[in-house]
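# Understanding the architecture of this molecule
Now for the letters of each chain:
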Amino acid sequence: MYFALICRDKPGHLEIRKANREAHLAYVAETGVVTQAGPFLDEAGEMCGSLVILDVADKAAAEAWAANDPYAGAGLFESVSVQAWKKVVG
C-alpha cells in the first residue's frame, strides 16, 4: 500500500536539513520502501520540506518509517502528514 509523507520544515532550519541529508538518504536506501521522494523548494529555490512516497503494509508502518527518519530525529520538521495514496499515473 502506498502512503505519501508530506513534511514541512521548520522555518530557518535549512542548515539542519543539509547537516542530516546524508543520514536521511542512507536511511532511504537501507529501508528499501521509498518509491519516490524529493524536497519541496521555496521561492528562492531552497529546500523547505519533503514529499516521500512509501510502499509499506499499513499506516502504522508509514508512521514508524517517518518517526525513524534522521530528519525527524534532528527536529527538522514543523509538520508531517501521512496520507494513503493511490498511484494512477507513472
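Residues numbered from 1 in each chain as written. Predicted model: local features only at pLDDT ≥ 70, side-chain atom pairs only at ≥ 80, totals over all residues. Heavy atoms only, no water.

### Description of the packing of aromatic side chains
Counted by the stated rule, this structure contains three aromatic pairs. Seen from their ring centres, Tyr2 and Trp85 are 5.8 Å apart, and the 75 degrees between their planes marks the pair as edge-to-face. Within this pair, whereas Tyr2 is found in strand S1 (residues 2-9), its partner Trp85 is found in strand S4 (residues 77-85), the two being separated by 83 residues in sequence. The partly exposed category is assigned to Trp85, whose relative accessible area is 33%. Measuring from centroid to centroid gives 6.0 Å for Tyr71 and Phe77, while their planes differ by 90 degrees, and the two rings are edge-to-face. As far as the burial class goes, Tyr71 and Phe77 line up, both buried. For Arg8, the ring lying beneath its charged end belongs to Phe40, and the centroid distance is 4.6 Å. (Phe/Tyr/Trp six-rings, centres within 6.5 Å; stacked < 30°, edge-to-face > 60°. Helix = DSSP H or I, 4+ residues; strand = E, 2+ residues; numbered from the N terminus. Buried < 20%, exposed > 50% of the residue type's maximum accessible area, 1.4 Å probe, protein only. Lys NZ or Arg CZ within 6 Å of the ring centre and 35° of its normal.)

### Some words on the sheet that holds S4
Read from one edge to the other, the open sheet built from four strands follows the order S2-S3-S1-S4, with strand pairing classed as antiparallel. The open sheet has two free edges, formed respectively by strand S2 (34-41) and S4, since each of these has just one partner strand. Each strand of the sheet is rotated relative to its neighbour by a mean of 15 degrees, with strand direction disregarded. Relative to strand S3 (residues 47-55), S1 runs antiparallel, the two sharing seven bridges. Its bridge partner being in S3, Ile6 is matched across the sheet by Leu51. Across the face of the sheet, helix H1 (residues 14-31) comes into contact with S1, S2, S3 and S4 while running at roughly 15 degrees to S3. Together, S1, S2, S3 and S4 form the strand contacts of helix H2 (residues 59-68), whose direction differs from that of S1 by roughly 35 degrees. (Pairing = 2+ DSSP bridges. Axes fitted to C-alpha atoms, helices over the stretch in contact; angles between N-to-C directions. Contact = heavy atoms within 4.5 Å.)

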